[in-house]
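Inside the fold
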Amino acid sequence: MNFGKQLKEGLVTNNPVLVQLIGMCPTMATSTSLTNGIGMGLSATAVLICSNIVISLLRKIIPNKVRIAAYITIIAGFVTMVDLLLQAFIPSLSESLGLFIPLIVVNCIILGRAESCASKTPVLPSAVDGLCMGLGFTFTLCVLSIVRELLGAGTIGGGLITVFSQPATIMILPAGGFLTLGCVIAVMQKILQKGE
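Details of the environment of Ile109
Secondary-structure assignment places Ile109 in helix α6 (residues 108-118). With a relative accessible area of 2%, Ile109 lands in the buried category. Here the alpha-carbon distance between Ile109 and Pro167, two residues 58 residues apart in the chain, equals 32 Å. The residues touching Ile109, leaving out its near neighbours within four places in the chain, are Pro16, Val17, Ile22, Gly23, Leu48 and Phe137.

Next up, the structure:
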């Protein structure tokens, strides 16, 4: 297990959003402000790590015919915990993210990592994989959030810093999300091509 290699995979070469192109629904919906992006990214990372650990521990016990249902049940338990913790300790973030926290249950990133990694590897590599993929997801959300919030609202950090007063409101709308995501994916592909 090489942590540096797995971290590079999660952040760059196998980034769940920018390379695998999965997890687009929460990416587009929650990247309107940096606060939302960080909140969603860290929530998904916590669920990824915890579910990978439990699935890895149970990988030899879960029958093959019901493995997906078992994964969803395990993931749903951790999502419920994260959702309740957010409601209890950070209610404004919970309200802002709304339905997208419960939808982590069916996030392709988490189900994909459960199927491709946690169900086939021991606990520590599964936990590290969850951490690295979660950091890659969080990093992508933060980049998109900074660009969209800066250009669409003229602020950074949920209005903590006002940069300019004539923003392009389209950037915080879905069309701006698609434009930003397309540009960031293009930059990532260029970086990956230069790396080869």
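Structural notes on the pattern of salt bridges
Where charged atoms from two side chains of opposite charge come close, those side chains can pair. Scanning the model with the defined rule gives 2 salt bridges in all. Its salt-bridge partner being Arg67, residue Glu115 comes within 3.0 Å of it at the nearest N-O pair. Placement of the pair is Glu115 in helix α6 and Arg67 in helix α4 (residues 67-89), with a sequence separation of 48 residues. Residue classification places Arg67 among the partly exposed positions, given a relative accessible area of 26%. With a shortest N-O distance of 2.7 Å, Arg113 and Asp129 are connected by a salt bridge.

A few points about unusual backbone geometry
Of note in this structure, Leu21 is not a glycine but carries a positive phi near 55°. Looking at the secondary structure, you find Leu21 in the loop between α1 (3-13) and α2 (24-30). For Leu21, a relative accessible area of 47% gives the class partly exposed.

What to know about the packing of α1 against helix α7 (residues 123-153)
At a closest axis distance of 7 Å, the pairing of α1 and α7 adopts a crossing angle of 35°. In the packing of α1 onto α7, the handedness of the crossing is right-handed. Seen from α1, the contacting residues are Phe3, Gln6, Leu7, Glu9, Gly10 and Leu11; seen from α7, they are Pro125, Val128, Asp129, Leu131, Cys132, Met133, Leu135, Gly136 and Phe139. In terms of residue class, the contact of α1 with α7 is made up of 10 nonpolar, 3 polar and 2 charged.

About the criteria used
- Residues numbered from 1 in each chain as written.
- Predicted model: local features only at pLDDT ≥ 70, side-chain atom pairs only at ≥ 80, totals over all residues.
- Heavy atoms only, no water.
- Helix = DSSP H or I, 4+ residues; strand = E, 2+ residues; numbered from the N terminus.
- Buried < 20%, exposed > 50% of the residue type's maximum accessible area, 1.4 Å probe, protein only.
- Contact = heavy atoms within 4.5 Å.
- Salt bridge = Lys/Arg side-chain N within 4 Å of Asp/Glu carboxyl O.
- Axes fitted to C-alpha atoms, helices over the stretch in contact; angles between N-to-C directions.
- Left-handed = near helix turned anticlockwise from the far one by under 90°.
- Nonpolar A, V, L, I, M, F, W, Y, C, P; charged D, E, K, R; others polar.

Shape is all these values report; function is a separate question.
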